[in-house]
Amino acid sequence: MENYDVVVIGAGSAGYVAAIRCAQLGFKTACVDQWIGKQGKPTLGGTCLNVGCIPSKALLESSDHYQNLLASTQAHGIRVEKVEIDIPAMIQRKDEIVKGLTSGIEGLFKKHGVTWLQGRGTMRQPMQVVVTDNDGTETTVKAAHIILATGSLPREVPNVPMDGEVIVDSSAALDFEEAPKRLGIIGAGVIGVELGSVWGRLGSNVVLIEAMDRFLAFVDEKIAQEAQKTFTEQGLDIRLGSRVLSAERKGDTAVVRYEDSQGNAQEMTFDKLIVAVGRTPNLKGLGTAEMGVQADERGYIQVDAFCRTSIPQIFAIGDVVRGPMLAHKGSEEGIMVAERLAGQKTTLNYNNIPWVIYTQPEIAWVGKTERELKAEAREYNVGWFPLTANGRARAMHATAGSVKILADKQTDALLGVHIFAPTASEMIAEAVVAMEFGGSAEDLARIVHAHPTLSEAVHEAALAVSGRQLHL
Ligand code: FAD
Ligand code: NAD
């Protein structure tokens, strides 16, 4: 039986990064994964690379180009005679990006000396992992340490049976062969608005059915309100406070029944229905109970701030543990666990993990929302600056959006930075660095920002915290 210092179960953003870092630090490392890619072959990269971050962003980029040609070029004085969309080509481009990146991880594993064990991993006493491949062949390896990184699976809605064709999860929604004329989405969360934007730009009439009566309840309220207005103008039909009762396939369509915010029964028919109501941690067949690894009341593997489970030699990272279900959060947890196994004192600041929603404009934030600060009875100042007053945004013909900064009333320390702007995903990095270094709004206000850039809106919002914004 082969002996490893570390066996990682799961090769998504959390697991493959953990495995590479372990190998870099000199541990004999194996990474077990059961994913079968679109080409029918074992593939690394997990949800993020195969059916998550990367393919969804590829389609968001393509559909954004198409939308710009349809809607924005005229304002720039460019006349385009005929714009056509080739969705199969768009999907093929997306698949090639996925293939390139997932095989890239295979190359990285070879380079760093990580052994890839293909199949389902199940823990067994004493510190063994049984790997069952597609043919049912079992191989057992021994591990001094195990890192669990088995990710998450889409949540289902009671009385809404998915069939993979008409009523689908987010994965199948990345592979539609044409833009469905009528697209329903249950859940106006991150996936709902991103995939709604993709297919809406490509021609679908998109209806989002959302249970909560607030749009993007975890986003700062002012930014969420701006975003709701902008996305509605873009054509997304967002129905808040709507409780789905059931959905069923009827021929080639899906019929959804729901109770609207007034309590009235509604029925709608769609050509495709995407279910995007969150994801649940995946502990299926992992052997956690046999090993004595405890789960919390919400079904996540219970871990401390260093990702240690209830068993000292077993760690868990990524979507399968508490915290935001974000690729970069899982990767950093993987690095932390590897480095701590090597005796380093690595920590992860969970307060400063940036979030991005890749709509157009993008929504990005780090730190607390105003609602959270109020709940903590914390005193704060607010600085806000709209893109309408930013020269670069005007030059881009992209003035929807704003930057909002929350700073401690006494110390001026940055508590939260919220951006609704094109490239907010890039702009937020400045705020993350400032907050990680314990920066204040005054620090951002004193830093020279290049002109003309969208980042000047961050500068102006920082100035606005003390009421001295210059261009508003
Ligand atoms: P996963 O990526 O889910 O990987 C888990 C791996 O474990 C899989 O490869 C699976 O095959 C394997 N596995 C599970 N059980 C076993 C077992 N018993 N044996 C062997 N292997 C097993 N996050 C962002 O930060 N930015 C984004 O833009 C973004 N976009 C997203 C878009 C979509 C449509 C979706 C669905 C998610 C998106 N996410 C995004 C979330 C991101 O994909 C996840 O947070 C991330 O993939 C979690 O990484 P992970 O390694 O914990 O799990
Ligand atoms: P989500 O939690 O963002 O949104 C789910 C939405 O569904 C919520 O607004 C919720 O109120 C609603 N909902 C729940 N049950 C419902 C019901 N029965 N009827 C109607 N609405 C209902 O989850 P998601 O959009 O499925 O995404 C899952 C996770 O994947 C995200 O939380 C995020 O961590 C990750 N993700 C991240 C990105 C990114 O970073 N850009 C992109 C996609 C996904």
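No experiment lies behind these values; they were computed from the predicted model shown. (Residues numbered from 1 in each chain as written. Chains lettered and ligands numbered in written order. Predicted model: local features only at pLDDT ≥ 70, side-chain atom pairs only at ≥ 80, totals over all residues. Heavy atoms only, no water.)

### As for the nonpolar core
Nonpolar side chains tend toward joint burial in soluble globular proteins. Counted only if it meets this: Buried Ala, Val, Leu, Ile, Met, Phe, Trp, Tyr and Cys residues that are joined via side-chain atoms within 4.5 Å together make up what is termed a nonpolar core. Partly exposed describes any residue whose relative accessible area lies between the buried limit of under 20% and the exposed limit of over 50%, with all areas from a 1.4 Å probe on protein chains only and scaled to the type maximum. Strands are runs of DSSP state E lasting at least two residues, helices are runs of H or I lasting at least four, and both sets are numbered from the N terminus onward. What makes two residues a contact is simply this: any of their non-hydrogen atoms within 4.5 Å.
With 36 residues, the main nonpolar core has W199, F215, V219, F231, I238, I274 and I363 as its most contacted residues. Every element with two or more residues in this core is listed here: α3 (53-71), α4 (87-112), β9 (182-186), α5 (190-201), β10 (205-209), α6 (221-233) and β19 (362-367). The residues contacting F231, other than those within four sequence positions of it, are F215, L236, I238, T359, Q360, P361, I363 and F420. Of all hydrophobic cores here, the second largest spans 30 residues; its members include V356, I405, I419 and A424.

### Here's the deal with the domain arrangement of the protein chain
Worth spelling out the cut-off: Domain start and end points were adopted from an automatic or database domain assignment. Here a salt bridge means any side-chain nitrogen of Lys or Arg lying within 4 Å of a carboxyl oxygen belonging to Asp or Glu. Identification of polar contacts relies on pairs of N or O atoms within 3.5 Å, with a donor-acceptor requirement for protein atoms, meaning one able to donate a hydrogen and the other able to accept it, and with residues adjacent in sequence counted only if both atoms are side-chain atoms. Under the convention adopted here, Pro, Cys and the residues Ala, Val, Leu, Ile, Met, Phe, Trp and Tyr are nonpolar, Asp, Glu, Lys and Arg are charged, and Gly plus all remaining residues are polar.
Once the domains are mapped, the protein chain shows domain 1 (2-153 + 280-348), domain 2 (167-277) and domain 3 (352-464). A straight line from the C-alpha centre of domain 1 to that of domain 3 covers 30 Å. With nine residues of domain 1 at the interface, the matching set in domain 3 holds eight residues. Viewed at the interface, domain 3 and domain 1 are joined by zero salt bridges. Counting across the domain 1 and domain 3 interface gives two residue pairs in polar contact (both at pLDDT 80 or more). Secondary-structure elements contributing two or more residues to the side of domain 1 that touches domain 3 are α3 and α8 (327-341). Residue composition of the side of domain 1 that touches domain 3, grouped by class: four nonpolar, two polar and three charged.

### Digging into the sheet that holds strand β14 (residues 265-270)
Quick note on the threshold: When DSSP finds at least two bridges between two strands, those strands are taken to pair. Lines fitted to C-alpha atoms define the axes, with helix axes restricted to the stretch in contact, and inter-axis angles between N-to-C directions lie between 0 and 180 degrees.
Within the open sheet, the three strands sit side by side as β12-β13-β14. Their pairing is antiparallel. The two strands at the open ends of the sheet, each matched to only one other strand, are β12 (243-250) and β14. For this sheet the average axis-to-axis angle between neighbouring strands, irrespective of direction, equals 20°. One ladder, built from seven bridges, connects β12 with strand β13 (residues 253-259); its direction is antiparallel. What sits directly across from R249, in β13, is A254.

### Notes on unusual backbone geometry
Along the chain, Q125 connects to P126 via a cis peptide bond; the corresponding omega equals -10°. Position of P126 relative to the elements: it lies in the loop between β4 (120-124) and β5 (128-132). The omega torsion of the bond from H451 to P452 falls at -5°, within 30 degrees of zero and hence cis. If you trace the backbone, P452 turns up in the loop between α12 (441-446) and α13 (455-465). With a phi close to 65°, N159 is a non-glycine residue in the positive phi region. Assignment of secondary structure puts N159 in the loop between β7 (152-154) and β8 (167-168). The exposed category is assigned to N159, whose relative accessible area is 55%. The residue A377 is not glycine, and still its phi comes out positive at about 55°.

### Let's talk about the site of ligand 2
Cut-off, in case you're wondering: A cutoff of 4 Å decides nearness: a residue is near a molecule or strand if any of its heavy atoms lies inside that distance of it. The Shrake-Rupley method, run with a 1.4 Å probe, gives the accessible areas here. Residue values count only the displayed protein chains as cover.
If you check the shell around ligand 2, you find 23 residues, and the closest are I191, E210, G278, M325 and V356. The separation between an oxygen atom of ligand 2 and a polar main-chain atom of V190 is 3.1 Å. Between A211 and ligand 2, the recorded distance is 3.1 Å, taken from a backbone N or O atom to a nitrogen atom. Relative to its unbound accessible surface of 830 Å², ligand 2 loses 80% to contact with the protein. When residues of the shell around ligand 2 are traced back to their parent elements, those giving at least two are α5 and β18 (355-357). The dominant element in the shell around ligand 2, judged by the number of residues it contributes, is α5, at three residues. Residues belonging to the shell around ligand 2 are distributed by class as follows: 15 nonpolar, three polar and five charged.

### A look at the packing of helix α1 (residues 13-24) against α8
Helices that pack against each other are described as a pair by the angle of their axes relative to one another and the distance between those axes. Put simply, the test is: These descriptions rest on fixed angle ranges, namely under 35 degrees for roughly parallel, over 145 for roughly antiparallel, 65 to 115 for roughly perpendicular, and the rest for oblique. A crossing counts as left-handed when the near helix is turned anticlockwise from the far one by less than a right angle, and as right-handed when that turn is clockwise.
Contact geometry of α1 with α8 gives a least axis separation of 7 Å together with a crossing angle of 30°. With respect to their mutual orientation, α1 and α8 come out roughly parallel. In the crossing of α1 with α8, the sense of the turn from one axis to the other is right-handed. Across the interface between the two elements, S13, A14, V17, A18, R21 and C22 of α1 pack against A327, G330, S331, G334, I335, A338 and E339 of α8.

### Re the site of ligand 1
The immediate surroundings of ligand 1 are formed by 38 residues, with D33, T47, K57, G121 and D319 found nearest. In the complex, 94% of the free accessible area of ligand 1, which totals 1000 Å², lies under the protein chains. Contributions of two or more residues to the shell around ligand 1 are made by α1, β2 (29-33), α2 (46-51), α3, β4 and α8. For the shell around ligand 1, the element with the highest residue contribution is α2, accounting for four residues. Its residues assigned to classes, the shell around ligand 1 shows 15 nonpolar, 18 polar and five charged.

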